[in-house]
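Now for the letters of each chain:
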Amino acid sequence: MSEQREEEEQELTEEEEDDRATNPQPGGGTGAEEPPVDDGEPGSDGEEVQADGSTPDLLEEVEEAETQADLPDDTEQLEESQTAENVVNSIETAETQADLPDDTKQLNENVGNSTATVKVVLVPEGHVMTVAFAIGLSIQELKFHLAAELRVPAEVLQISLDGRVVEERQSLMELGVRPHSSTRLEMSSTDPTAHPLRPLRPPEHDDMPDVITVRVQTDDGVFQEVVVEIERPRQQKAFRGGYRHRLTGVEYHHAAVQTWPKRRPDRGVVVVSRDTQTVELKSQTQQCPVNVSTQMTGIGCYVSCMNDRLVAPGNYITAEEYHNRRLRAVICLQSFARRWLAQQAVDHLRRERDRRLAWLELQERRRREEKEEQLRDRRQRWLSPQRREDFNLLYHALEKWRCEEEQQINSSMRGAERKAALCLLLQQETKLIAAIGRHRIAVQNNNYDKTIRNFLDKSAAPHRWRAADGRLLEMDSQHTVRARELRDLYNDVSLPDVGQEQRLDILMTLKHTVMEHECQLTRDIVDLIDREVDLMMRGVKAASLEGLRKRISTLLLQYIKTPAFNPEVAKLLKVPQNSSQLKNDMFLCRSCHRYLRSANFSPAASARVSGQCRDCVRLDNIARSRDDFTCYKNILSRLRADEQRLNEDAKIPFLLQAQDVRYLVEVVWASRSAFQASSDLYNLVFVRWEHKRDWSPWNCILLSKEETSAHLEVQDVHKAYEATFICRIEHKHMLARRHFSQIPVMAEYLDSQPTATLGNQLVSKPITMTVKHATDSTSDSAR
């Protein structure tokens, strides 16, 4: 581009010289030039014009434009004012160009053909496009050029200068842009949604300039700065050898491909000359092989026709027939491909269906096995009760049987016959209660032995802790060794069937062990040992010594439980040895009038003050209500497990007890699931009503195990359920909120939701749950 510009300037100079030779100016010679009048306007004809067609101040203006970019910020206002004056002067200059001489117009046209650097800022992205553009062209032509670069319609482009929209008929020269200078324009799109302004240049060329300024020497000691626009190749350079890194993708080219060839040394002899590169031509006949020749049989030439074959022309196929055949082939291929894809989709759906059915069958089988396990466990607890909950289940079954029998008697009999049947029912109930009591005493004896042995094993266990590497370390102290010796001694003393000599050795060992401490307990043990030894020497039978041996075992157990003789049991005793620990931990039972520790009372959340101890509550339950809390404990345990899995910091489920869950199930939810599908207490569970909130009595729903999986998949309960159902659930939540808001330990967990969101539709009071059978008055009168 610089060479083309130099040629244009040279042609302009030659034309001006011809004009001067043919049209001499008055007042000067043939080659002289009359200086034009300087009117002081930038860009006008007042500037001096050199012979090469460029102004003498052009280089100075370019230097001033470059220097102004480095000026401080306080000169920006002065530059803006000068720019505005240049624009006005350019417009006035354009208006006065019609009155200028012909050579001046030609000079302006040459100046208009000069280029300038135009930096276009794309609003609002902020990308900058730099192009070299002739200052004599209009803004509309600049729009067409930029629209082609950005691939958007030219009608949506809007160019502005210093915040003012520029008209399309104005040129860069009229805007005050000087030759070989730079200017900054803003361009925006009137329809940014459909036609956004984004540069289409590859990312690897973003750091390369579009226009550079080259300093060219035009004469001796005269230099001129020329603006050169860089044209990037449209295709990537061919890879002509080298290596490519497999991981990073970096290419390493051969040096011979990227550099000039090595220059050969001068041999002193002309090697490359015209004589050495001239080819001498000569004619020579050649005979082609028979398989490539086209010669026919003629005079003096025979061509064999043994390998010839007859080719008959076929039917002419038109372009339409050819394309139709290809279309049918494509349709056939697509039909087979779509059939294969359809078969794959159907197979996938079939596998998903089979997997879903298998999962449903597995869940159904698991629920059925769980139900059978519950029935089997309940039946086993009925036949062989071992715990307090098992006996509560027996008493609950007894009470249920009594109520059914009493209801049948009241409905079918009258008068004296009814009283006689009620008396007989009372006798049967008494016999069953006695049988349950005898079985309970036997179980307590067996459990007593197990409890004692577990107590001794815990006291004799070594200290254990987990090391940093995960190993379990154990350590024995002198107290654990002492506890282990006393445990072994108690087991030996409690052996039922041993020989006389072995029994004597055990008693002597026990006597020497307890004689280490002198007190009344040890003296009693020694007296009993001497008495058993004396009776064994007299030949008394072992059956007669059974009571004496039990007394020795009992006193030895009391000796082992004394911290002064066995320090390791101090941490296992229910009653602490330090009386200061009992200062704030003793409460009065209103039933048995005993002062007991807090561990002997039921920690129910609804209990405001400590009322009855556990033994009194159990005795009252056996005598009156005979309730079974096993199902409620199962519901509570499952609720705690689920909430701990969802939120490790959950607290409300661990504050509730079986009595609180019973209130929720029986009073609030009426012992039925929310969908009225199940009333089996062993099949009901509590889950969250809204999954994003923690579980609470006012954010829960009672469902069966089959309905739980469907409810957990609901994302928004207000969209999935009807308004009537949601209103009923909120009513139950309000009942639970009013009940538990009166409990101090639960009141702090109430959210900011008002307690009367239902307005006048809900008027409730605290409910005290009392279970009273319909036939209690009748049975009392019969008794």
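Everything quoted here is computed from the prediction, not taken from an experiment.

Conventions and cut-offs
- Residues numbered from 1 in each chain as written.
- Predicted model: local features only at pLDDT ≥ 70, side-chain atom pairs only at ≥ 80, totals over all residues.
- Heavy atoms only, no water.
- Patch = residues over 30% accessible without salt bridge, like charges linked within 9 Å, V, L, I, M, F, W, Y side chains within 5 Å.
- Areas by Shrake-Rupley, 256 points an atom, 1.4 Å probe, with all protein chains shown as cover.
- Salt bridge = Lys/Arg side-chain N within 4 Å of Asp/Glu carboxyl O.
- Lys, Arg positive; Asp, Glu negative; His and termini not counted.
- Charge placed at Lys NZ, Arg CZ, Asp CG, Glu CD.
- Helix = DSSP H or I, 4+ residues; strand = E, 2+ residues; numbered from the N terminus.
- Buried < 20%, exposed > 50% of the residue type's maximum accessible area, 1.4 Å probe, protein only.
- Expected span 1.5 Å × (residues − 1).
- Arc of directions from axis to C-beta.
- Core = buried A, V, L, I, M, F, W, Y, C linked by side-chain atoms within 4.5 Å.
- Contact = heavy atoms within 4.5 Å.
- pLDDT = per-residue confidence, 0-100.
- Phe/Tyr/Trp six-rings, centres within 6.5 Å; stacked < 30°, edge-to-face > 60°.
- Lys NZ or Arg CZ within 6 Å of the ring centre and 35° of its normal.
- Pairing = 2+ DSSP bridges.
- Axes fitted to C-alpha atoms, helices over the stretch in contact; angles between N-to-C directions.
- Parallel < 35°, antiparallel > 145°, perpendicular 65-115°, else oblique.
- Left-handed = near helix turned anticlockwise from the far one by under 90°.
- Nonpolar A, V, L, I, M, F, W, Y, C, P; charged D, E, K, R; others polar.

Enquirer: Even after reading the chapter, I still don't get a positive patch on the surface, so can you show me in this structure?
Expert: A surface patch of like charges, here positive, comprises Arg388, Lys561, Lys574 and Arg614. By secondary structure assignment, the location of Lys574 is in the loop between α13 (546-560) and β12 (586-588). With a relative accessible area of 73%, Lys574 lands in the exposed category.

Enquirer: Got a minute to help me understand helix α12 (residues 520-537) in this structure?
Expert: Between its first and last C-alpha, α12 extends 26 Å over 18 residues, near the 26 Å set by a 1.5 Å rise per residue. Within the sequence span of α12, burial applies to Leu521, Thr522, Ile525, Val526, Leu528, Ile529, Glu532, Val533 and Met536. Across the axial projection of α12, the buried residues extend over an arc of 165°, all falling on one side. Just downstream of α12, Gly539 is the residue with a positive phi angle, here 90°.

Enquirer: Is there a simple way to think about the pattern of salt bridges in this case?
Expert: Where side chains of opposite charge bring their charged atoms close, a pairing between them can arise. Following the criterion strictly, the structure yields 39 salt bridges and no others. With a shortest N-O distance of 3.0 Å, Glu168 and Lys143 are connected by a salt bridge. Of this pair, Glu168 sits in the loop between β4 (164-165) and β5 (182-189) while Lys143 sits in helix α5 (residues 139-150), and the two are 25 residues apart along the sequence. Lys143 gets classed as buried once you look at its relative accessible area, which sits at 7%. Where Glu706 meets Arg367, a salt bridge forms, and the shortest distance between an N and an O atom there is 3.6 Å. Here the residue Glu706 occupies a position in helix α18 (residues 705-712), and Arg367 occupies one in helix α7 (residues 319-383), the gap between them amounting to 339 residues. It is possible to trace a salt-bridge network through shared partners that takes in Glu399, Arg402, Glu406, Glu429 and Arg626.

Enquirer: Teacher, can you tell me more about the nonpolar core here?
Expert: One broad trend across soluble globular proteins is that nonpolar side chains are buried collectively. Membership of the largest hydrophobic core comes to 38 residues, with the highest contact counts inside it found for Trp669, Phe686, Trp689, Trp695, Ile701 and Phe740. Every element with two or more residues in this core is listed here: α15 (630-646), α17 (658-668), β14 (684-688), β15 (700-704) and α20 (723-740). Sorting elements by how many residues they give to this core places α17 first, with six residues. Ignoring any residue separated from it by four or fewer positions in sequence, one finds Phe686 in contact with Ile635, Leu639, Val661, Leu664, Val665, Trp669, Trp695, Cys700, Ile701 and Leu702. If you look at the next biggest cluster of nonpolar residues, it comprises 29 residues, including Leu510, Leu545, Phe565 and Val569.

Enquirer: Even after reading the chapter, I still don't get the confidence of the model for the protein, so can you show me in this structure?
Expert: It should be kept in mind that the predicted coordinates are not to be read in detail where pLDDT is low. Summing up the model confidence of the protein, the mean pLDDT is 76 and the portion of residues at 70 or higher is 74%. Note on residues 16-101: pLDDT under 50 across the span, and 75 contacts to partners over four residues away in sequence or across chains. Here residues 752-783 is a poorly scored stretch, pLDDT under 50, and it has 38 contacts once near neighbours within four places are set aside; other chains count.

Enquirer: Can you walk me through α13 in this structure?
Expert: Residues spaced three or four apart along an α-helix face the same direction, because each turn holds 3.6 residues. The end-to-end C-alpha distance of α13, which contains 15 residues, comes to 21 Å, matching closely the 21 Å that a straight helix rising 1.5 Å per residue would cover. What α13 keeps buried is the set Leu548, Arg549, Ile552, Ser553, Leu555, Leu556, Leu557, Tyr559 and Ile560. Check the buried side of α13 and you find it contacts α9 (415-460), α10 (478-493), α11 (500-514) and α12.

Enquirer: When you look at the packing of aromatic side chains in this model, what are you seeing that I'm missing?
Expert: What characterises a pair of aromatic rings is the spacing of the ring centres plus the angle enclosed by the ring planes. Evaluation of the coordinates by the stated rule reveals eight aromatic pairs. When the centroid spacing of 5.3 Å and the interplanar angle of 5° are considered together, the rings of Phe675 and Phe725 count as stacked. With Phe675 in the loop between α17 and β14 and Phe725 in helix α20, the pair connects residues that are 50 residues apart, well separated along the chain. Owing to a relative accessible area of 34%, Phe675 belongs among the partly exposed residues under this scheme. In this structure Phe725 comes out as buried when scored by relative accessible area, which is 9%. Between Tyr721 and Phe725 the ring centres are 5.1 Å apart and the planes differ by 50°, which places this aromatic pair in the tilted class. An aromatic cluster is present here, built from Phe675, Trp689, Tyr721 and Phe725 joined pairwise through their rings. Arg378 extends its terminal NZ or CZ atom over the ring of Tyr682, reaching a point 3.7 Å from the ring centre.

Enquirer: I tried to follow the pairing of β14 on my own but got confused; where do I start?
Expert: In regular strands, side chains alternate between the two faces of the sheet. Burial analysis of β14 places five of its five residues in the buried class, which makes it a mostly covered element. Here β14 runs beside β15; their pairing, made up of five bridges, is antiparallel. Bridged to Phe686 within β15 is Leu702.

Enquirer: How should I be thinking about the packing of α17 against α20 in this particular structure?
Expert: Think of two packed helices as two axes; the pair is described by the angle between the axes and how far apart they sit. Close contact between α17 and α20 brings their axes to 11 Å; oriented N to C, the two are set at 140°. On the basis of the axis angle, α17 is oblique to α20. Between α17 and α20 the crossing geometry is right-handed. Side by side, α17 and α20 meet where Asp660, Tyr663, Leu664 and Val668 of the first sit next to Lys732, Ala736, His739 and Phe740 of the second. In terms of residue class, the contact of α17 with α20 is built from five nonpolar, one polar and two charged.

Enquirer: What should I look at first to understand unusual backbone geometry in this one?
Expert: Among all residues save glycine, negative phi is the norm, and among peptide bonds the norm is trans. We note that Arg151 has phi near 60°; this positive angle belongs to a residue other than glycine. Within the secondary structure, Arg151 sits in the loop between α5 and β3 (157-161). The class for Arg151 is exposed, based on a relative accessible area of 70%. In this structure, Arg626 takes a positive phi of about 55° despite not being glycine. If you trace the backbone, Arg626 turns up in the loop between α14 (614-625) and α15.

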